[in-house]
Amino acid sequence: MSGRTAPPGATSSWRNWAGNQRVSGDALRPSTVDEIVATVTAARAARRHVKPVGSGHSFTAIARAEDQRVDLTALSGPVRVDSERRLITVPAGTTLHALNELLAGHRLALANLGDIDEQTVAGAISTGTHGTGAGYGCLSTFVAGLTLVTGTGELLECSADRHPEVFAAARVGLGALGVIVEVTLSCVDAFVLHADERPAPLAEVLADLPALVDANDHFEFYWFPYTDRVQVKINNRVPVDDRPLPRFRSWLDDDFLANSVFAGACRLGRAAPALVPTISAVSARALTARSYTARSDRVFCTPRRVRFEEMEYALPRAALPEALAGLRRIVDELPFRVLFPVEVRFTAPDDIWLSHGYGRESAYVAIHQYAGMPAEPYFRAFERVATALGGRPHWGKLHYRDAESLRPAYPRFADFLAVRDRLDPDRIFANSYTEQVLGS
C-alpha cells in the first residue's frame, strides 16, 4: 500500500489530546495526494477501512482508526494566496496555528477562531469547530472550496458552484465522505482585537444577554460551578494595537494562573472533593479584570495544558436560560464534584447540513471534567436536558446520541446520508463513531 508506514510487522500507537481515545495499528503518512488516492483505492479493493486523522483534539471516537490510520500532517502541497480576493488554499493537514502565521504574513486573517489553534484545518472543519460571535458561524462557513478523495478513489473538487450538494455536506463531513486533501478559505484583512475580560454576577449577565451578544463582535462567558459568578470575555475590533498586554501579565494570566495554578487546584479538588466548592469560589474571585489589544488570533487562541474531557451542545439561543438552570440543578445533585467552569458561546445560523448551527442562532454550552474524575453521569444528565431543548451535540465532543435520535435534529440528515452513499458506497471511511451517529 502507498504511503509511509511503520516497518512490516510493527505497530504504532495513537492517542488523542485528552487521552480517552487510543489505538494501536498501522500508521500511514502519505505526503502526496497521489499516495492518498492509492491508499484509498487499495483499501477498497482489500475491503479495508482507512481513517484520516488530524491533531487528535476531538474527544469522541470520530478519529479513532479501527483498521488503518491516515495521518495527514505530512501531506505536502502548494500554498496559494489570492490577496485581492482574500482567499488562501492550504494542504488539509495544515494546523490552524500555522495557517494564522501564514495569513499574518500576507496581512490577512480568519474572521473568527475558537480558543485553541492546534487542530488541522481538515479536522477543524470536519467537526464543526467554532468560536463565538453573533455574526459568525462555525469555521466551516469560511470554506470557499475543498478537494477530497472519495471512497471510490475519485479526486473531487467542490464549491458552491461545483458539486454544491457535496460542498453542503463535506464542509462538516465527520470524515465520512472522503479524505480532505486541500481547503480554500475566505479571509479578511488582518485586524486587531480589544479584549475586555472581567468577573460578573451570573444573573446580571443573563439579564443583559441580548445586548451583550448583539452589541459585541465576540462575546462569551464562563460559569464557575457552585457559585453565582462568571468570567465575561468580550472581543471587539479596533483600528490600532495600542494597548498590548505586558509580557509578565500575559504569562501570569494565561500560563501560570490558567494552566499551572489551575492544574494544581484541579489536583487538589480531585484528592479532596469536599474542597471543590471553595476552590471554585476562590477561582471565580481570583480572576481580575484585564483589558488589552493584540493581533486577532493571539486574542482568540490561548494555551490549554490542563487535560479534561468535554461535552458541548448547540442550543436554540432562546433556550439558554432553561439549559443553564437545568445544568445548575444537575451540578448540585451529582454524587461527585465538577472541577471545571462551564463555557457559553454564541454563533450565527448557517446552511451547512450537519453544522450544529444549521438554520438557527445558537448558544453553545460546553461542560468539562478534569481528567481522572467521573464524567459520564454528569454528561448524560446534561445531554437529557439539552436534547429536550432541541440541542445538537458537537461532533468532536463527547455525547451519547445515535443516528435515530440525531435524524430529527438535522433537517438535511437524509440528504447527507445520500451523499455519503454516493461518495463512500463501501464505507471505506466508517468506524464505530460514524456507525453510531450516521448508521451503517
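For the structure itself, consult the block above.
Just so it is clear, the model here is predicted, and its values are computed rather than measured.

## What to know about the packing of helix 10 (residues 320-333) against helix 11 (residues 376-388)
So, step 1. Their axes nearest at 10 Å, the elements helix 10 and helix 11 cross at an angle of 150°. Taken together, the axes of helix 10 and helix 11 are roughly antiparallel relative to one another. In this structure, helix 10 meets helix 11 at a crossing whose hand is right-handed. On helix 11, the residues that touch Ala323, Leu327, Ile330 and Val331 of helix 10 are Tyr378, Ala381, Phe382 and Val385.
So, step 2. A breakdown of the residues in the contact of helix 10 with helix 11 according to their chemical character gives 8 nonpolar, no polar and no charged.

## Quick look at the pattern of salt bridges
So, step 1. If you walk through the whole model with that rule in mind, you get 25 salt bridges.
So, step 2. Linking Asp254 and Arg290 is a salt bridge whose minimum nitrogen-to-oxygen distance equals 2.9 Å. Residue Asp254 is found in helix 7 (residues 247-271), and its partner Arg290 is found in strand 16 (residues 290-295); the two are separated by 36 residues along the sequence. Per residue, the accessibility class of Asp254 equals that of Arg290, and both read buried.
So, step 3. Via salt bridges that share partners, Glu310, Glu312, Glu343, Arg345 and Lys397 belong to a single interconnected network.

## Comments concerning the sheet that holds strand 15 (residues 229-238)
So, step 1. Spatially, 16-13-15-14-18-19-17-20 is the arrangement adopted by the 8 strands of the open sheet, whose pairing is antiparallel. Across the chains shown, the open sheet's two edge strands, defined by having one partner strand only, are strand 16 and strand 20 (392-393).

## A look at the sheet that holds strand 3 (residues 27-28)
So, step 1. Across the sheet, which stays open at both edges, the 3 strands sit in the order 3-5-4 with parallel pairing between neighbours. The outermost strands of the open sheet, each flanked by one partner alone, are strand 3 and strand 4 (50-53).
So, step 2. As paired elements, strand 4 and strand 5 (residues 68-71) share 4 bridges and run parallel to each other. Counterpart to Val50 in the pairing with strand 5 is Gln68.
So, step 3. Lying over the sheet, helix 1 (residues 33-45) contacts strand 3, strand 4 and strand 5, oriented at roughly 150° with respect to strand 4.

## Quick look at the side chain of Gln119
So, step 1. Relative to the helices and strands, Gln119 is located in the loop between strand 8 (108-109) and helix 3 (121-127).
So, step 2. For Gln119, the contacting residues outside a window of four places in its chain are Ser55, His57, Thr94, Thr95, Leu96, Ala124 and Thr129.

## Some thoughts on the nonpolar core
So, step 1. Core analysis: the biggest nonpolar cluster contains 69 residues, and Leu99, Leu148, Leu185, Leu354, Trp395 and Leu438 have the highest contact counts within it.
So, step 2. Contact partners of Leu438, with chain neighbours within four places excluded, come to Leu174, Ala176, Leu354, Ala403, Phe413, Phe416, Leu417 and Arg420.
So, step 3. Ranked by size, the runner-up nonpolar core spans 52 residues in total, among them Leu209, Phe221, Met311 and Leu327.

## Concerning a nonpolar patch on the surface
So, step 1. A contiguous nonpolar surface patch, about 460 Å² in accessible area, is contributed by Phe248, Trp251, Phe256, Leu257 and Val261.
So, step 2. Inspection of the secondary structure puts Phe256 in helix 7.

## Things to note about the side chain of Thr89
So, step 1. Tracing the backbone through its elements, the reader meets Thr89 in strand 7 (residues 87-91).
So, step 2. Of the polar contacts made by the side chain of Thr89, one reaches the side chain of Thr184; its length is 2.7 Å.
So, step 3. If we ignore the near neighbours within four places in the chain, the residues touching Thr89 are Pro78, Val79, Arg80, Glu182, Val183 and Thr184.

## Considering the layout of surface pockets
So, step 1. Its volume calculated, the second largest pocket comes out at about 350 Å³.
So, step 2. Of all the secondary-structure elements, those providing two or more residues to the lining of the second largest pocket are strand 6 (80-82), strand 7, strand 9 (143-150), strand 10 (155-159) and strand 11 (178-186).
So, step 3. Looking at which element gives the most residues to the lining of the second largest pocket, the answer is strand 9, with 4 residues.
So, step 4. Of the residues contributing to the lining of the second largest pocket, the split by class is 6 nonpolar, 5 polar and 6 charged.

## A few points about the packing of aromatic side chains
So, step 1. A complete count under the given rule lists 11 aromatic pairs for this structure.
So, step 2. Each ring, one from Trp17 and one from Phe59, has its centre 6.3 Å from the other, and the planes form 85°; the classification is edge-to-face. Of the two residues, Trp17 sits in the loop between strand 1 (12-15) and strand 2 (22-25) while Phe59 sits in the loop between strand 4 and strand 5, which places them 42 residues apart along the sequence.
So, step 3. Between Tyr378 and Phe379 the ring centres are 5.6 Å apart and the planes differ by 40°, which places this aromatic pair in the tilted class.
So, step 4. The exposure class assigned to Tyr378 is buried, which follows from its relative accessible area of 0%.
So, step 5. Among the aromatic residues, those joined into a cluster by ring pairs are Trp17, Phe59, Phe262, Phe308 and Phe340.
So, step 6. Taking the ring centre of Phe191 as reference, the NZ or CZ of Arg237 above it sits at 4.0 Å.
So, step 7. Over the aromatic face of Tyr410 sits the side chain of Arg392, whose NZ or CZ is 5.1 Å from the ring centroid.

Thresholds applied
Residues numbered from 1 in each chain as written. Predicted model: local features only at pLDDT ≥ 70, side-chain atom pairs only at ≥ 80, totals over all residues. Heavy atoms only, no water. Axes fitted to C-alpha atoms, helices over the stretch in contact; angles between N-to-C directions. Helix = DSSP H or I, 4+ residues; strand = E, 2+ residues; numbered from the N terminus. Parallel < 35°, antiparallel > 145°, perpendicular 65-115°, else oblique. Left-handed = near helix turned anticlockwise from the far one by under 90°. Contact = heavy atoms within 4.5 Å. Nonpolar A, V, L, I, M, F, W, Y, C, P; charged D, E, K, R; others polar. Salt bridge = Lys/Arg side-chain N within 4 Å of Asp/Glu carboxyl O. Buried < 20%, exposed > 50% of the residue type's maximum accessible area, 1.4 Å probe, protein only. Pairing = 2+ DSSP bridges. Core = buried A, V, L, I, M, F, W, Y, C linked by side-chain atoms within 4.5 Å. Patch = residues over 30% accessible without salt bridge, like charges linked within 9 Å, V, L, I, M, F, W, Y side chains within 5 Å. Areas by Shrake-Rupley, 256 points an atom, 1.4 Å probe, with all protein chains shown as cover. Polar contact = N/O pair within 3.5 Å; in protein donor to acceptor, adjacent residues only side chain to side chain. 1 Å grid on protein atoms, 1.4 Å probe; cavity = no way out; pocket = protein on both sides within 12 Å on 5 of 7 lines; lining within 4 Å. Points joined across faces, edges and corners; volume = space filled by probe spheres on them. Phe/Tyr/Trp six-rings, centres within 6.5 Å; stacked < 30°, edge-to-face > 60°. Lys NZ or Arg CZ within 6 Å of the ring centre and 35° of its normal.

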